Amino acid sequence: MDREGIVLDPWGTSHVKDYRRLMEQFGIEPLEGELIERLPYKHRLVRRRIIFGHRDLEMILRAIEEGEEYAVMTGIKPSGEFHLGTKLTSEEFIYFLSLSPKARGFFAIADLEAYADNKIPLEESYRIALSNLMDMLALGLDPRRVYVYRQSQEMPVMQLAFIFSRSVTYNTLEAIYGPRPFGLYLSALVQAGDILNPQLPHHGGPKPTVVPVGADQDPHIRLTRDLARKYRGEFGFVPPAATYHKLLRDLTGQEKMSKRNPMGILYLTESLESARRKVMNAFTGGRATAEEQRRLGGEPEKCVIFVELLSTHFLEDDKQLEEWYWECKSGRMLCGECKARAWELIGAWLKRHQERRAKMRDLAERLLEEKTLS
Ligand code: TRP
């Protein structure tokens, strides 16, 4: 890892301690200053630097300012129910769509990748995708502004993957991803197809595109930007812009999110009772004893409740978040009280979300069948 540089593995576990270094190593630009100022609305994930970097976001800001059309494109593997990580990507997708009436959404259900990476049969991922779409609709996705498709059913995307395979050698793929089964290499080419799909003639041709993703997806973005340049002559592609969010820890404080550690993952669909248990057992920045914590104060910057749950997901108000920080830091509020307060917010959010998503089944089904309702 170290002298060799940081390794980003889209199919494994990436662990980034120092985002400055990551950005320098791969040429990702920080999302800060003037660029943030130019965003018409500053999402919590932008204000709190959870979205820390970008490529070419300037191009999207210009499209917003000049009222020109642009695409917002992302994808999610239907390998399980929505959790906090997929919630992040979905919120970013919805956010970039909300910034201009001229934005058009393209959402890939990555069922081919779920098959190649997780051996999930297509019939099963259909069922999961439907459930995932219910969550996205409940999170505020406007079904009239999005084109939703499954990779396995989208011929133009698979054709692009095949076309790109002309000019990608094994050596290139190995240099980017390491030695991998060919199914994963193919998934990478399909993902490049996903990302450039909005620029095909039947979707209106070349246009600025922004891809909100987690930092671990940057290898795919780099590959796709290269391919866009290589095929500019043939298709007129504009290299896609991207934004990157930080890779978060699981509830138990592990850097690796693993389904084998169910206490680490908070699903948006799970029972309130089970969710409550996970929150109450989450890793905190508490000291060894209550006495010590009153004396020294807590360590909110290390705490999953503070960083991952409140700051990243569930506490919208900046002032309240800052007060919460000092309550902990000063030793006035101990972990028991904090967790109880945090659960009040989280439980209420989950309850409302689950009520909303329950009403979305028909709409999600129609969207999955018809791809677009506009
Ligand atoms: N590889 C992404 C993941 O693991 C899913 C994905 C498929 C995607 N196609 C995409 C992400 C296009 C962004 C853009 O979740």
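Some details on the sheet that holds strand 1 (residues 29-30)
In spatial order, the strands read 1-2-7-6-3-4-5; together these seven strands make up an open sheet with mixed pairing. The open sheet has two edge strands with one neighbour each: strand 1 and strand 5 (146-150). Note: strand 1 against strand 2 (residues 51-55), two bridges, orientation antiparallel. The residue bridging Pro30 from the neighbouring strand is Gly53, located in strand 2. Helix 1 (residues 19-26) contacts strand 1 and strand 2 of the sheet and is inclined by roughly 5° relative to strand 2. Its contacts with the sheet place helix 5 (residues 84-98) against strand 2, strand 3 (70-76), strand 4 (103-109), strand 5, strand 6 (209-214) and strand 7 (241-245), and it is angled at close to 170° to strand 3.

Some points on the side chain of Thr89
Tracing the sequence through the fold places Thr89 in helix 5. Sequence-distant contacts of Thr89, that is, excluding residues within four places in its chain, are made with Thr74, Ile76, Pro212 and His245.

A word on the site of the ligand
Within the structure, the ligand sits among 13 residues, and Gly75, Glu113, Gln191, Asp194 and Gln217 are positioned closest to it. The contact in question runs from a nitrogen atom of the ligand to an N or O atom on the side chain of Asp194, over 2.7 Å. Here the ligand has 360 Å² of accessible area as a free molecule, and 91% of this is covered by the chains. Among the elements of the structure, strand 3, helix 10 (182-196) and strand 6 are those that each provide at least two residues to the shell around the ligand. In terms of residue class, the shell around the ligand is built from five nonpolar, five polar and three charged.

Here we look at the packing of helix 13 (residues 272-280) against helix 17 (residues 335-358)
Closest axis-to-axis distance for the helix 13/helix 17 pair is 10 Å, and the angle between their directions is 150°. With respect to helix 17, the axis of helix 13 lies roughly antiparallel. The crossing of helix 13 and helix 17 is right-handed. Residue-level inspection shows Leu272, Ala275, Arg276, Val279 and Met280 of helix 13 in contact with helix 17, the latter providing Lys339, Ala340, Trp343, Ile346, Gly347, Leu350 and Lys351.

Observations concerning the pairing of strand 4
Within strand 4, six of the seven residues are buried, which leaves it mostly tucked inside the rest of the structure. Inspection of the sheet shows strand 3 paired to strand 4 by seven bridges, in the parallel sense. Each residue of the ladder has a partner; that of Met73, found in strand 4, is Phe106. Once the chain exits strand 3 it traverses helix 5 before rejoining the sheet at strand 4, and the crossover so formed is right-handed.

Comments concerning the pairing of strand 7
Counting buried residues along strand 7, five of its five residues qualify, which places the element largely inside the surrounding structure. Here strand 7 shows a buried face lined by Ala241, Thr243 and His245 and a second buried face lined by Ala242 and Tyr244. When strand 2 meets strand 7, the two strands line up antiparallel, connected through four bridges. Pairing of Arg55 across the sheet is with Ala242, part of strand 7.

Topic: the side chain of Ser79
Mapped onto the secondary structure, Ser79 falls in the loop between strand 3 and helix 5. Ser79 gets classed as buried once you look at its relative accessible area, which sits at 18%. Other than its neighbours up to four places away in sequence, Ser79 contacts Asn118, Ile120, Ile128 and Lys259.

Overview of empty space enclosed by the protein
Enumeration according to the criterion identifies one cavity of 30 Å³ or more in this entry. One number sums up the size of the largest cavity: a volume of about 90 Å³. Considering the residues around the largest cavity, the lining is formed by 13 residues, among which Cys303, Phe306, Cys328, Cys335 and Cys338 are closest to the centre. Looking at the lining of the largest cavity, the elements that each hand over two or more residues are helix 15 (304-314), helix 16 (318-329) and helix 17. Looking at the lining of the largest cavity residue by residue, the class counts come to ten nonpolar, two polar and one charged.

Concerning the domain arrangement of the protein chain
Here the protein chain is partitioned into domain 1 (19-247) and domain 2 (262-358). The straight-line distance from the C-alpha centre of domain 1 to that of domain 2 is 30 Å. Facing the 17 residues of domain 1 at the interface are 21 residues of domain 2. When domain 1 packs against domain 2, close to 1700 Å² is buried across both sides, 54% of that on carbon and sulfur atoms. Looking at the side of domain 1 facing domain 2, the largest losses of area belong to Arg48, Leu84 and Ala138, adding up to 34% of the total buried there. Seen at the junction of domain 1 and domain 2, the total is five salt bridges. Among the salt bridges present, the one from Arg44 reaches Glu316, with a minimum N-O distance of 3.0 Å.

Considering the packing of helix 8 (residues 155-165) against helix 10
Close contact between helix 8 and helix 10 brings their axes to 8 Å; oriented N to C, the two are set at 120°. Classified by the angle their axes make, helix 8 and helix 10 are oblique. Relative to helix 10, helix 8 is oriented so that their crossing is right-handed. Between helix 8 and helix 10, the residues in contact are Val157, Leu160, Ala161, Phe164 and Ser165 and Leu189, Val190, Ala192, Gly193, Asp194 and Leu196, respectively. Taken together, the residues of the contact of helix 8 with helix 10 break down into eight nonpolar, two polar and one charged.

The rules we used
- Residues numbered from 1 in each chain as written.
- Predicted model: local features only at pLDDT ≥ 70, side-chain atom pairs only at ≥ 80, totals over all residues.
- Heavy atoms only, no water.
- Pairing = 2+ DSSP bridges.
- Helix = DSSP H or I, 4+ residues; strand = E, 2+ residues; numbered from the N terminus.
- Contact = heavy atoms within 4.5 Å.
- Axes fitted to C-alpha atoms, helices over the stretch in contact; angles between N-to-C directions.
- Near = heavy atom within 4 Å.
- Polar contact = N/O pair within 3.5 Å; in protein donor to acceptor, adjacent residues only side chain to side chain.
- Areas by Shrake-Rupley, 256 points an atom, 1.4 Å probe, with all protein chains shown as cover.
- Nonpolar A, V, L, I, M, F, W, Y, C, P; charged D, E, K, R; others polar.
- Parallel < 35°, antiparallel > 145°, perpendicular 65-115°, else oblique.
- Left-handed = near helix turned anticlockwise from the far one by under 90°.
- Buried < 20%, exposed > 50% of the residue type's maximum accessible area, 1.4 Å probe, protein only.
- Right-handed = clockwise from strand over helix to strand, strands pointing away.
- 1 Å grid on protein atoms, 1.4 Å probe; cavity = no way out; pocket = protein on both sides within 12 Å on 5 of 7 lines; lining within 4 Å.
- Points joined across faces, edges and corners; volume = space filled by probe spheres on them.
- Domains from an automatic or database assignment.
- Buried area = accessible area lost by both parts, 1.4 Å probe.
- Salt bridge = Lys/Arg side-chain N within 4 Å of Asp/Glu carboxyl O.

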